Amino acid sequence: MGRELQRLKRRKATTKHMEELLDHASTTLVVHYSCESFYDRTDGKTPRVTSIAVRNLASGQTDSFSIHHIAEQQELPFGEIHEHYDTLERQMLNQYFAFVTSHQHFSWVHWNMRDVNYGFAAIEHRYRSLGGNPVLIPEDRKFDLARALVDLFGVGFIGHPRLENLIDKNKITKRDFLSGIEEAAAFDNKEYVKLHQSTLRKVDILANLFERTSNDSLLTNATWVEKYGFSPRVLGELIKDHPIISFFGAAAAILTIIVRVKELL
């Protein structure tokens, strides 16, 4: 199968997957989290997780977990949070993984949460580092919206940073939204509420982008051909890969060879 047909196949599979998630929206969750910067670390440690937000795609109900909420529950002054990071983070992750345990059969929509630098694996590793035993979300329950958009519209559907540019393209408000660099600065400045508000805003935006993609109203820079995957090259690959057409093509080639041989005799 040619490259263009493979992309067309991925697009079809992604579209079907999104339709299934929408059909089961009450058991589909959208997740995002904030953490320390993972670019400027020199000690090799996984960045601390500061807040996690999980939104139900159907109801919009959002559950959130943050170190400043744990501090508030314990009546610990926010100015002293940095002195108790490990304890507060461990208790926050206790709550998060209890939530994961009770939602094992749910699907999880996310944005680039794919590795140990930033992703489910990073949260799990951080929890292990603090002495916890994480409950793993099955891989087939994870849906990366960032990768799905590439499958649907091609790699050039929007410029980098993709999430921010996609928000601007679709005129979605950025109220409370912080970029990765701004989140790292907020952590350094101990602005935990600001960090948490950004996480809540981002999970709301991701749900919005998912729904716009599903109802075909998402604005991107993709051309019609890139969006729908039909081009002369695709048609050529379809013709080449079609068994009946391939048969007649092979027959024509054999006939041509026979004619040339007769001409030489």
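Parameters and conventions
Residues numbered from 1 in each chain as written. Predicted model: local features only at pLDDT ≥ 70, side-chain atom pairs only at ≥ 80, totals over all residues. Heavy atoms only, no water. Helix = DSSP H or I, 4+ residues; strand = E, 2+ residues; numbered from the N terminus. Buried < 20%, exposed > 50% of the residue type's maximum accessible area, 1.4 Å probe, protein only. Contact = heavy atoms within 4.5 Å. Polar contact = N/O pair within 3.5 Å; in protein donor to acceptor, adjacent residues only side chain to side chain. Axes fitted to C-alpha atoms, helices over the stretch in contact; angles between N-to-C directions. Parallel < 35°, antiparallel > 145°, perpendicular 65-115°, else oblique. Left-handed = near helix turned anticlockwise from the far one by under 90°. Nonpolar A, V, L, I, M, F, W, Y, C, P; charged D, E, K, R; others polar.

Peer 1: Teacher, can you tell me more about the environment of Arg48 here?
Peer 2: Along the polypeptide, Arg48 turns up in the loop between β1 (28–35) and β2 (49–56). Residue classification places Arg48 among the buried positions, given a relative accessible area of 19%. Between the alpha carbons of Arg48 and Ala122 there is a distance of 9.3 Å; along the sequence they are 74 residues apart. In contact with Arg48, other than residues within four places in its own chain, are Ser34, Cys35, Glu36, Tyr85, Asp86, Glu89, Arg126 and Phe187. Separated by 2.6 Å, the side chains of Arg48 and Asp86 make a polar contact.

Peer 1: Honestly, the side chain of Ser179 in this entry has me stumped. Any pointers?
Peer 2: With respect to the helices and strands, the residue Ser179 is situated in the loop between α6 (162–169) and α7 (180–188). Aside from chain neighbours lying at most four places away, what touches Ser179 is Glu164 and Lys202.

Peer 1: Sorry, what's going on with the packing of helix α3 (residues 85–101) against helix α4 (residues 120–129) here?
Peer 2: Interhelical geometry of α3 versus α4 gives an angle of 125° and a closest axis separation of 10 Å. On the basis of the axis angle, α3 is oblique to α4. In this structure, α3 meets α4 at a crossing whose hand is left-handed. Two secondary-structure elements touch here, α3 through Asp86, Glu89, Arg90, Leu93, Asn94, Tyr96 and Phe97 and α4 through Phe120, Ile123, Glu124, Arg126 and Tyr127. Among the residues making up the contact of α3 with α4, the classes are represented as six nonpolar, one polar and five charged.

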